[in-house]
Amino acid sequence: MKVLKFGGTSVANAQNIKLVLEIVNQKAKNDKLVVVVSALSKVTDLLQSAAAKAAANDESFREIVAEIEKKHLDTLKELIPVSEQSSLLSHVKRIINHLETLLDGCFLLGELSPRTADTILSFGELLSSYIIAQAFQQIDKSAVYKDSRELIKTNADFGKAVVNFEISNKLIQEYFASNESKINILPGFIAQTLDGITSTLGRGGSDYTAAIIAGAIDAEQLEIWTDVNGMFTANPKIVKQAQPIANISYQEAMELSHFGAKVLYPPTIQPVLRKNIPILIKNTFEPEAVGTLISDTVVSKDTVVKGISHIDNISLLTLEGPGMIGVAGSSRRLFEVLSQEKINVIFITQASSEHSICIGILNSDADNAEAAINRAFEIEIAQNKIDPCYVEKDLCIIALVGENMKNHQGLSGRMFSTLGKNNVNIRAIAQGASERNISTVINERDVKKALNTLHENFFEENTKQLNLFVMGVGNVGEKFIEQIHSQRKFLKDHLKINVRIIALSNSRKMLFDEDGISLKDWQSTLDKGEEAIPTEFIARAKELNLRNSIFVDITANASVSEMYEKFLKESIAVVTCNKIACSSAYDNYKKLKSLSRQYNAPFLFETNVGAGLPIIDTVKNLIASGDKVHKIQAVLSGSLNFIFNNFDKNNSFHDVVKEAGVQGFTEPDPKIDLSGVDVARKILILIRESGYEMDIDAIANESFLPAECLATTNNEDFFASLIKHAAHFEGIYNEALAKDSRLKYVAQFENGKASVGLQFIPKDHPFYNLEGKDNIVLFYTDRYVDQPLLIKGAGAGAAVTASGIFADVIRIGNV
């Protein structure tokens, strides 16, 4: 014989009940079945609300009763042929009338006793089971309805009655021994005291009803039919990559259900556990899915962690003080107080010094617990032997669960390291001697990030998800997005990195999608986005609180660079090609580097110098390995190199500068390049990364631009000034020809001094043959004395700059 239990969503309406009928009808061909059903979806909540309103003298409870009546009558009418409805509708109405009479009593008395509450709540299952039994009899006349109250007997602890197994088992066994029906339908959740008074088994108790019956009759199997494909490695509503668990032990299922896995009601397993009766979790809406089998079967030792679960709305209460050290009975007194207040303790941890004890309870119990504990220890508190109870609310417990965890070293460290890397602060830790679970208490706002991060680490073949918040979608930004789109599959397959763009913003619009923005047509989607407000952009990124979040700045905007501090303080990494932050005041540069270390949030800016060339990374490696940089010579502006390589007697200076802008080699404001400010910023960043303290005003900038060009305030005036002073630029070019030299804009650092300026480079110099938009850097160090370390390559252009930004993102993924 098999016992099948169908939950509220499975019997939510007539359409769903028809699915249940089909499932049971197929199974009844081979097995004798006991079918336990819950109330129709949401009906228990409606009954609870109606009772509360009636006790509060709120007449609106009658509207709820009318809603309950309509829901059940509509369901019955859809399931039962019209010719047979009359007597059944009358029966349902009689039950509703009885319910209304009870609620009227609550309304008149202005109170709701636990006993009356149990009776009122029982109507959900009584109504659903009656209607479903009648529907079964349309298919199989031998199908029998049995009231569970006649079989399951409890004490009078209304609300969560304790079952008398000795009497209940005997009644259940006697009934089914004498009953030959292939299908028996029973209401879940409800029971009866020995005095014949209706009691309930607690919310979710329909599972318990089914397990009690399965245990009593030594059922072949208990099947729990619900709306998901079994138990999952994590809550699939929070962790999209959660996977169904095919096999799990009783103990593992107990742990997961205790820690919030809603598929199973925690006490359910006990009656079948003693008899080694397997439990199969199945999906009513996908009956062909495998589901989850819970049994005592030894599972593969390769599977270490079976699932990650959590409990929300937790408060942490701490009692501490020197008066607890070596004093016997402190813990006993604490737990006695909580027991007297009927407060359930979910989590316990105590320091070995005995100086403190910490417990986790529901938020709803926190205030009551705090007051009760302070009363119990008021003498010690008054004598300053013990501190008043300290309460932290809005927390969450996360638990790793697995039968084989005890046989593997380092799991705790792996768990804590994973959380720490994403700046998830652990408030408390507990691990039982069985080592079946490791529990941590964290802030509730971090739960989604924590669950996803842990799931990624333990279940997703170490695939690391990177969530990007991109600001700036011009030439470089567009290429960056294009590169991510084309390389996503490669990164996932070969580097185990899953890159998602969560947010995009330009100066007008911003767009957010927590599940990742589709990159096929992102431009048109962004155009339909909301108004771009930088403060709101930061707030949304903070609110989403996604793991491995990275802010990518592809602008040249000073106000955007001022946002880095806020991102880093939220443990959001920063990748930028914007040179303003790293060339700002030295104190600000150092602060950003310090925040990066403090909050474990990478701050990468490889493209600040040399676009995609590995210049900054090389400097970092030199310094980290103990080398010391003494001198730097460099051509650091790809745009200026392009300009002076193409400026000749056939191409005016104005026209070449214009072309550089068209090809995306210059900044949006080309004066930044031509004034030498951009090069000064770059050499400053290299100087700082080499370990020297310097600010930009210490760099000598020998500008080749006339004063009038430098004084312009917009691009139109700037280009007009280039035409006006064409003779000046031709003079510089002619001087280079006369000296048989080439023009290069060179940055230098030596003996603590730095300069940038246009130089005439002779034929025997390494810079002479630098073509196109290339950059070149020479590092003279302790190790590179006679022959400098040379880095050379394309130093400007949207594609190479985008690839440098992309490389920084990948660096974070590989951490």
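Residues numbered from 1 in each chain as written. Predicted model: local features only at pLDDT ≥ 70, side-chain atom pairs only at ≥ 80, totals over all residues. Heavy atoms only, no water.

Caption draft 1: How the structure looks around unusual backbone geometry. The phi angle at Asn384 is positive, at roughly 60°, despite the residue not being glycine. Relative to the elements of secondary structure, Asn384 occurs in the loop between helix H12 (378–382) and strand S15 (390–401). The backbone of Asp740 shows a phi angle near 55°, a positive value even though the residue is not glycine. Note that Asp740 resides in the loop between helix H28 (726–738) and strand S27 (742–750). The class for Asp740 is partly exposed, based on a relative accessible area of 41%. (Helix = DSSP H or I, 4+ residues; strand = E, 2+ residues; numbered from the N terminus. Buried < 20%, exposed > 50% of the residue type's maximum accessible area, 1.4 Å probe, protein only.)

Caption draft 2: Focus on the sheet that holds strand S23 (residues 573–576). Taken in spatial order, the seven strands line up as S21-S20-S19-S18-S22-S23-S24 in an open sheet, and their pairing is mixed. With one partner strand each, in any of the chains shown, strand S21 (530–531) and strand S24 (603–604) form the two edges of the open sheet. For strand S19 (residues 497–505) and strand S20 (residues 509–512), the ladder comprises three bridges, and the chain directions are antiparallel. In the strand pairing of S20, Ala503 is matched with Phe512. Helix H17 (residues 534–544) contacts strand S18 (464–471), S19, S20, S21 and strand S22 (549–553) of the sheet and is inclined by roughly 5° relative to S20. (Pairing = 2+ DSSP bridges. Contact = heavy atoms within 4.5 Å. Axes fitted to C-alpha atoms, helices over the stretch in contact; angles between N-to-C directions.)

Caption draft 3: Structural view of the side chain of Asn363. Note that Asn363 resides in helix H11 (residues 363–376). In terms of polar contacts, Asn363 uses its side chain to reach the backbone amide nitrogen of Asp394, at 3.4 Å. The contact partners of Asn363, leaving out residues within four places of it in the chain, are Asn313, Ile314, Ser315, Lys393 and Asp394. (Polar contact = N/O pair within 3.5 Å; in protein donor to acceptor, adjacent residues only side chain to side chain.)

Caption draft 4: Just the packing of aromatic side chains, in detail. Enumeration according to the criterion identifies 23 aromatic pairs in this entry. Both rings, one in Phe6 and one in Trp225, keep their centres 5.8 Å apart while their planes meet at 25°; by these two values the pair is stacked. With Phe6 in strand S1 (residues 2–6) and Trp225 in strand S8 (residues 221–226), this residue pair connects regions lying 219 residues apart in the sequence. Accessibility expressed as a relative area gives 1% for Trp225, which makes it buried. (Phe/Tyr/Trp six-rings, centres within 6.5 Å; stacked < 30°, edge-to-face > 60°.)

Caption draft 5: Structural context of helix H15 (residues 475–495). Along H15, the sharpest kink reaches roughly 55°, centred on Gln487. For H15, the set of buried residues is Val476, Gly477, Phe480, Ile481, Gln483, Ile484 and Leu491. Buried residues along H15 sit in contact with S18, S19, helix H16 (522–527), S22 and helix H29 (798–813). (Bend = angle between axes of the 7 residues up to and from the residue.)

Caption draft 6: Seen up close, the pairing of strand S25 (residues 629–635). Of all seven residues in S25, five are buried; the element is thus mostly enclosed. Looking at chain direction, S25 and strand S29 (residues 774–781) are connected through six bridges and run antiparallel. Residue pairing across strands places Lys631 opposite Tyr780, the latter belonging to S29. Pairing analysis gives four bridges linking S25 to S27, with the strands arranged antiparallel. Within the sheet, the bridge partner assigned to Ile632 lies in S27 and is Phe749.

In short, shape yes, function no, at least from these values alone.
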